[in-house]
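Summary of the model geometry
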Amino acid sequence: RKILDSRGNWTIEVEANGLKGVAPSGASTGTNEAVVIDVDKAVKIVNTELQELLGMELNQEAVDDALQKIDGTRLFKRIGGNTAVAVSFAVYNYINMCNPIRNNVFPYPLGNVFGGGAHGGSTSIQEFLLIPHKAKSMEQAVETNAGVHHALRTSLTKKYGSAVGINDEGAITAPLNDEQVLSLISEAAEVSSCKLGLDVAATEFYKNGYYTYKSGKKLTSGEQIDFMKEIIEKYKLAYVEDPFHEKDFKSTAELTKKAGKKCLISGDDLFVTDYGWLNRGVKIGAANSL
């Protein structure tokens, strides 16, 4: 069936033995990601062609392999990456309902507290993230993130009034530049015993060979490496995602070499959903996480 996602856009929801899986979507996506097809077409494919999966053992690897085989292309150009991932999530959820995962094996969630970039806001950096690394459970981690979010929004509203808002991912926006927000979120992280992370999504503001920030700052790739290294050290960042253009493996490898022992340098737009890109990244040491 089709349902509305958090942005009010149509997406596909699939059930496998009563457990649901939904295809997520992002505002800033890599150009080499798996193809997203029309939702009505995706629903039709699930309710016709993919019915051949009925009767299969609900084994994650077997179902995912079957989806790839049915599609027959590298990036799900025929049945759609959104179709495949919704089916895959439904199977995953069913498997783990039968064999529940305990809270303490989940990774810590990254809470998107302040936002900009393609999601809307005054900053070029897309997400300023809090990592509640001292939480004892998923519930406590979510409560920590939510608590910081509410407290920060309240204090900013007192200062900036109606200029404070929420972007399309629920992150706070306010008339501040990237470094002002880094300073603000760094203080919030310290008070709440969290670590700080960023999703830079640098592809979104890379133009004509420069990283062009909304503040007016223009950096070459070399200067962007230095800037990222500087803020990792200054603000004790634990996680930095997509600090360079989506095809700049060389700069990502250089930053990983310089700062990777202190910080997770993560590839998202860099690796997208493509095994070939990931394999290339592994070979040259571009990023140390994904």
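To start, this report covers the structure provided alongside it.

Okay, the pattern of salt bridges next. Overall, the coordinates contain 10 salt bridges when judged by the stated rule. When the shortest N-O distance is used, the salt bridge between Glu15 and Arg1 registers 3.0 Å. Of this pair, Glu15 sits in strand S2 (residues 10-16) while Arg1 sits in the segment before strand S1 (2-4), and the two are 14 residues apart along the sequence. Overall, the relative accessible area of 40% leaves Glu15 in the partly exposed class. Classification of Arg1 as partly exposed rests on a relative accessible area of 44%. One salt bridge in this structure joins Lys2 and Asp40, with 3.2 Å as the shortest N-O distance. One end of the pair, Lys2, is in strand S1; the other, Asp40, is in helix H1 (residues 39-47), and 38 residues separate them in sequence.

Another point: the sheet that holds S1. One open sheet holds the 3 strands; their spatial order is S1-S2-S3, and the pairing between them is antiparallel. The open sheet has two edge strands, S1 and strand S3 (19-22), and neither has a second partner. Sheet twist, expressed as the average angle between the axes of neighbouring strands with direction ignored, equals 40°. Pairing of S2 with S3, which is carried by 4 bridges, proceeds in the antiparallel orientation. Residue Ala16 lies in a different strand from S3, and its bridge partner there is Leu19. The strands touched by H1 are S1 and S2; relative to S2, the strand with the most contacts, the crossing angle is about 15°.

The rules behind each value
Sequence order as written defines the numbering, with residues in each chain counted from 1. Restriction of local features to residues with pLDDT of at least 70 applies here, the model being predicted, together with a cutoff of 80 or more for giving and counting side-chain atom pairs; totals for whole chains, interfaces and linings are based on all residues. Side-chain metrics rest on all non-hydrogen atoms present in the structure, leaving aside hydrogens and water. Here a salt bridge means any side-chain nitrogen of Lys or Arg lying within 4 Å of a carboxyl oxygen belonging to Asp or Glu. Think of it this way: any DSSP run of H or I at least four residues long counts as a helix, any run of E at least two long counts as a strand, and we number them from the N terminus. The classification of residues rests on relative accessible area computed with a 1.4 Å probe and restricted to protein chains. Under 20% of the type maximum is buried, over 50% is exposed, and intermediate values are partly exposed. By the convention used here, strands pair only if DSSP detects at least 2 bridges between them. Working convention: axes come from line fits to C-alpha atoms, limited for helices to the stretch in contact. Angles between N-to-C directions cover 0 to 180 degrees. What makes two residues a contact is simply this: any of their non-hydrogen atoms within 4.5 Å.

Remember, this is a structural readout, not a statement about activity or role.
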